[in-house]
Amino acid sequence: MEITIQNIAVEVERKPIRNMHLSVYPPDARVHLSMPFFLSESDARSFLLKKWQWICRNREQVLKQPRQTQREYISGESHYLFGTRYMLLVEPITSGANSINVQGNKLIMKCRPASTRDNRRAQLQEWYRGHLRTILTGLVDKWCEQLGEAPVEWTIKQMKTEWGSCIARKRHLVFNLDLARVPVECIEYIVVHELTHLAVQNHGPAFQALMTQRLPNWKLLRKQLNDFIAIPVEEEIKDEQDSL
Ligand SMILES: [Zn+2]
């Protein structure tokens, strides 16, 4: 189903869920609403009208984010590690192991002359994964101890629509590989966010209160993170206090 309001078409999808769930997706600020089967089209319409300001504000924000250009993994490109920008320099080698090293503001990638774009991409992803694993190990341990949480399991995955997720009942957290690109304080925000889902599984007032208690500047960090890389902006109906 599609509902058009003020020339903006909203995709509406019915799902076996209990709450309305609204998202704005980059790069084109597509608006998507998931709704429970038991609600009607006019429920959807009045929900959208109630959230119209939120929708417009987030569409604007998504549309002004710089678009990620297609990466070729060749010399001269910019790549980020923990919020710092580096210039990639690809050096073909005919012997020895492939490697990536930071030298000043350069990222020196040594690889075979015949390496393809996909090979270089995979090499960089593995390098990111190693760095992110080190940072996450420290942060997850630190926060589990600080919050008195028993140890959790966690993995790193390339995800398109989320920075992290938490399967509370299995005490398992998943972190997006792209976190390796953003400042460490933003990674810390995601770690605290996912650990807080062990206590509260939605983003409602109880969740927000716990976040404020645990990491008082979390809203600022969330904004900093979303300004850094475009990832869908999501909102649940329960989340009545509008997020940033
Ligand atoms: Zn969450």
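Here, the structure is the one placed above.
The rules behind each value
- Residues numbered from 1 in each chain as written.
- Predicted model: local features only at pLDDT ≥ 70, side-chain atom pairs only at ≥ 80, totals over all residues.
- Core = buried A, V, L, I, M, F, W, Y, C linked by C-beta atoms within 7 Å.
- Buried ≥ 20, exposed ≤ 12 C-beta atoms within 10 Å, placed from the backbone.
- Helix = DSSP H or I, 4+ residues; strand = E, 2+ residues; numbered from the N terminus.
- Contact = placed C-beta atoms within 7 Å.
- Pairing = 2+ DSSP bridges.
- Axes fitted to C-alpha atoms, helices over the stretch in contact; angles between N-to-C directions.
- Parallel < 35°, antiparallel > 145°, perpendicular 65-115°, else oblique.
- Left-handed = near helix turned anticlockwise from the far one by under 90°.
- Nonpolar A, V, L, I, M, F, W, Y, C, P; charged D, E, K, R; others polar.

A.B. asks: Which residues make up the nonpolar core, and what values go with them?
C.D. replies: One broad trend across soluble globular proteins is that nonpolar side chains are buried collectively. Among the nonpolar cores identified, the biggest contains 29 residues, and L179, C186 and I190 are the most heavily contacted of them. Elements with a contribution of two residues or more to this core: strand 6 (84-92), strand 8 (106-111), helix 3 (117-147), strand 11 (172-176), helix 4 (184-196) and helix 6 (218-228). Apart from the residues within four sequence positions on either side, L179 is in contact with L132, W163, I187 and I190.

A.B. asks: For the sheet that holds strand 10 (residues 164-167), give the residues involved together with the corresponding values.
C.D. replies: Overall, mixed pairing links the 3 strands, which are arranged 9-11-10 in an open sheet. Two strands lie at the open edges of the sheet, namely strand 9 (153-157) and strand 10, each paired on one side alone. If you compare each strand with its neighbour and ignore which way they point, the axes differ by 15° on average. One ladder, built from 5 bridges, connects strand 9 with strand 11; its direction is parallel. Considered in strand 11, the bridge of T155 is made with V174. Here helix 3 sits on the sheet and contacts strand 9 and strand 11; the angle it forms with strand 9, its principal contact strand, is near 155°. Its contacts with the sheet put helix 4 on strand 10 and strand 11, and the angle it makes with strand 10 is roughly 20°.

A.B. asks: Help me get a handle on the packing of helix 3 against helix 4, residues and values and all.
C.D. replies: Contact geometry of helix 3 with helix 4 gives a least axis separation of 10 Å together with a crossing angle of 45°. Regarding the angle of helix 3 to helix 4, the classification is oblique. Along this stretch, helix 3 crosses helix 4, giving a crossing that reads as right-handed. Residues I135, L136, L139, V140, W143 and L147 of helix 3 lie in contact with helix 4, whose contacting residues are V184, I187, E188, V191, V192 and L195. Looking at the contact of helix 3 with helix 4, its residues break down into 11 nonpolar, no polar and 1 charged.

A.B. asks: Give a description of unusual backbone geometry that names residues and reports values.
C.D. replies: Within the chain, Q6 stands out as a residue other than glycine whose phi angle is a positive 45°. Here Q6 lies in the loop between strand 1 (2-5) and strand 2 (8-15). Its identity is not glycine, yet A29 carries a phi of approximately 60°, on the positive side. Checked against the element boundaries, A29 lands in the loop between strand 3 (21-25) and strand 4 (30-36). Exposure remark for A29: the 20 C-beta atoms within 10 Å place this residue in the buried category.

A.B. asks: Lay out the environment of E77 with the relevant residues and their values.
C.D. replies: Counting through the fold element by element, E77 comes out in the loop between helix 2 (52-64) and strand 5 (78-81). The exposure class assigned to E77 is partly exposed, which follows from the 15 C-beta atoms found within 10 Å. In contact with E77, other than residues within four places in its own chain, are R71, E72 and L88.

A.B. asks: Can you lay out the pairing of strand 3 for me, pointing to particular residues and giving the numbers?
C.D. replies: In strand 3, alternate side chains face the same way, and those of L22 and V24 are buried while those of H21, S23 and Y25 on the opposite face are not. In this structure, strand 3 lies alongside strand 4, joined through 5 bridges in antiparallel fashion. When the bridges of strand 4 are listed, V24 appears paired with V31. Linking two consecutive strands that pair antiparallel, namely strand 3 and strand 4, is a turn of 4 residues; a positive phi of about 60° is found at A29 within it.

A.B. asks: How would you explain the packing of helix 4 against helix 6 if you had to name every residue and give the values?
C.D. replies: Taken N-terminus to C-terminus, the directions of helix 4 and helix 6 make an angle of 120°; their axes are 9 Å apart at the nearest point. In the crossing of helix 4 with helix 6, the sense of the turn from one axis to the other is left-handed. Side by side, helix 4 and helix 6 meet where E185, C186, Y189 and V192 of the first sit next to W218, L221, R222, Q224, L225 and F228 of the second.

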